[in-house]
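Here is how the chains run, residue by residue.
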Amino acid sequence: MTRITLTTTALILSTTAAFAGPVDVPPPPPPVVVAADDPFEGFYVGLEYGHSQTSGAEIEDGDPPESFNIDNDTVFGAFAGYNIQEGALVYGGEIRYLHIDLVDATTGFTMDSVLDIRARLGYALSDAAMVYGALGYSTGDATDVTSFDMSGFNYGVGAEYNLTESIFLGVDYTGRQLEGERPGFSYEADVNTLTLRAGLRF
């Protein structure tokens, strides 16, 4: 009797499975891609290379100013900074060092390097692109017979594009109005740079 019952049960189960047909298994859900909430926020460092142009005047006590205009395309340097992002608004601070080596053949004035400390205020056009303006303070190393320091304010505009979450490219224009002096002479100089930048975000 038990053998008949088991055989009948097996027959019923197999018949039910045959009528039920194949079981549909739903496909797995697609992977979820999570975009960075603030792609421009955090520390960053990088290198830059570009073109520089300087104009100004050497002023000797009691004599009219002697102007100079220097054009050079070998500016290079490094930068580091930190951004805070709130929605599309991006702001932060940056420090950069540029080697310039500009020489005026007439006056002998040489602009060797500049150090910029500046605040930046930007707007994120997308998760990949940002434009910004900058304002800050600059110091420079100059030489004319002897070495002396120059200082003044800087201003600039630029743009950045994120190639990945950590690698970006950019372009930056910065103008500087600097003043300095050595015994018997004073100097005024507008030091302008246009550079291409490559950096890493952390």
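Definitions and limits used
- Residues numbered from 1 in each chain as written.
- Predicted model: local features only at pLDDT ≥ 70, side-chain atom pairs only at ≥ 80, totals over all residues.
- Heavy atoms only, no water.
- Helix = DSSP H or I, 4+ residues; strand = E, 2+ residues; numbered from the N terminus.
- Buried < 20%, exposed > 50% of the residue type's maximum accessible area, 1.4 Å probe, protein only.
- Pairing = 2+ DSSP bridges.
- Salt bridge = Lys/Arg side-chain N within 4 Å of Asp/Glu carboxyl O.
- Axes fitted to C-alpha atoms, helices over the stretch in contact; angles between N-to-C directions.
- Patch = residues over 30% accessible without salt bridge, like charges linked within 9 Å, V, L, I, M, F, W, Y side chains within 5 Å.
- Areas by Shrake-Rupley, 256 points an atom, 1.4 Å probe, with all protein chains shown as cover.
- Polar contact = N/O pair within 3.5 Å; in protein donor to acceptor, adjacent residues only side chain to side chain.

Some words on the overall build of the chain
Here is step 1: Helix and strand content of the chain: 1 helix and 8 strands.
Here is step 2: When the helices and strands of the chain are read in sequence order from the N terminus, they spell out α-β-β-β-β-β-β-β-β.
Here is step 3: Expressed as a percentage of its 202 residues, the buried residues of the chain come to 37%.

Concerning the pairing of strand β8 (residues 185-201)
Here is step 1: By the bridge criterion, 17 bridges tie strand β1 (residues 42-60) to β8 in an arrangement that is antiparallel. From the neighbouring strand, Ser52 faces β8, where its bridge partner is Thr193.
Here is step 2: Relative to β8, strand β7 (residues 167-182) runs antiparallel, the two being bridged by 16 bridges. Paired with Gly175 across the two strands is Asn192, which belongs to β8.
Here is step 3: Where β7 folds back on β8, the antiparallel hairpin that results is connected by 2 residues, among which Gly184 adopts a positive phi of roughly 85°.

Here's the deal with the pattern of salt bridges
Here is step 1: Applying the stated criterion across every chain, the model contains 12 salt bridges.
Here is step 2: Of the charged contacts, one joins Arg120 and Glu94 as a salt bridge, the two residues approaching to 3.7 Å between their closest N and O atoms. Taken together, the positions of Arg120 in strand β4 (residues 110-124) and Glu94 in strand β3 (residues 89-103) put the pair 26 residues apart, joining distant regions of the chain.
Here is step 3: Linked through salt bridges whose partners overlap, the residues forming this network are Glu48, Glu94, Arg96, Asp116, Arg118, Arg120, Glu160, Asp172, Arg176, Arg197 and Arg201.

Some points on the sheet that holds strand β6 (residues 146-162)
Within a beta sheet, neighbouring strands are joined by backbone hydrogen bonds and run either parallel or antiparallel to one another.
Here is step 1: Read around the barrel, 8 strands follow the order β1-β2-β3-β4-β5-β6-β7-β8 and close on themselves; strand pairing throughout is antiparallel. Averaged over all pairs of adjacent strands, the angle between strand axes in this sheet comes to 20°, irrespective of strand direction.

Notes on a nonpolar patch on the surface
Here is step 1: On the surface, Phe43, Val45, Tyr82, Ile84, Tyr161, Leu163, Ile167, Leu169, Leu200 and Phe202 cluster together into a nonpolar patch covering about 940 Å² of accessible area.
Here is step 2: Within the residue set of the nonpolar patch, elements represented by two or more residues are β1, β2 (66-86) and β7.
Here is step 3: Its place among the elements puts Leu200 in strand β8.
Here is step 4: The exposure class assigned to Leu200 is partly exposed, which follows from its relative accessible area of 39%.

Quick look at unusual backbone geometry
Negative phi values dominate among residues other than glycine, just as trans dominates among peptide bonds.
Here is step 1: The phi angle at Val145 is positive, at roughly 75°, despite the residue not being glycine.
Here is step 2: The residue Val145 is located in the loop between β5 (129-144) and β6 in this model.

What to know about the side chain of Thr54
Here is step 1: Counting through the fold element by element, Thr54 comes out in strand β1.
Here is step 2: Its relative accessible area of 0% is what places Thr54 among the buried residues.

Observations regarding the side chain of Asp172
Here is step 1: Topologically, Asp172 is positioned in strand β7.
Here is step 2: A distance of 2.6 Å separates a polar atom in the side chain of Asp172 from a polar atom in the side chain of Thr174.

Brief notes about the pairing of β2
Here is step 1: Looking at chain direction, β1 and β2 are connected through 16 bridges and run antiparallel. For Tyr44, the partnering residue across the bridge sits in β2 and is Gly81.
Here is step 2: Connecting β1 to the antiparallel partner β2 that follows it, the hairpin turn spans 5 residues, and Gly62 within it adopts a positive phi of roughly 85°.
Here is step 3: The sheet contact formed by β2 and β3 spans 11 bridges and is antiparallel. Considered in β3, the bridge of Phe76 is made with His99.
Here is step 4: If you look at the hairpin formed by β2 and β3, you'll find 2 residues sitting between the two strands, and Gly87 has a positive phi there, around 65°.

Scope: geometric values only; no functional claims are made or implied.
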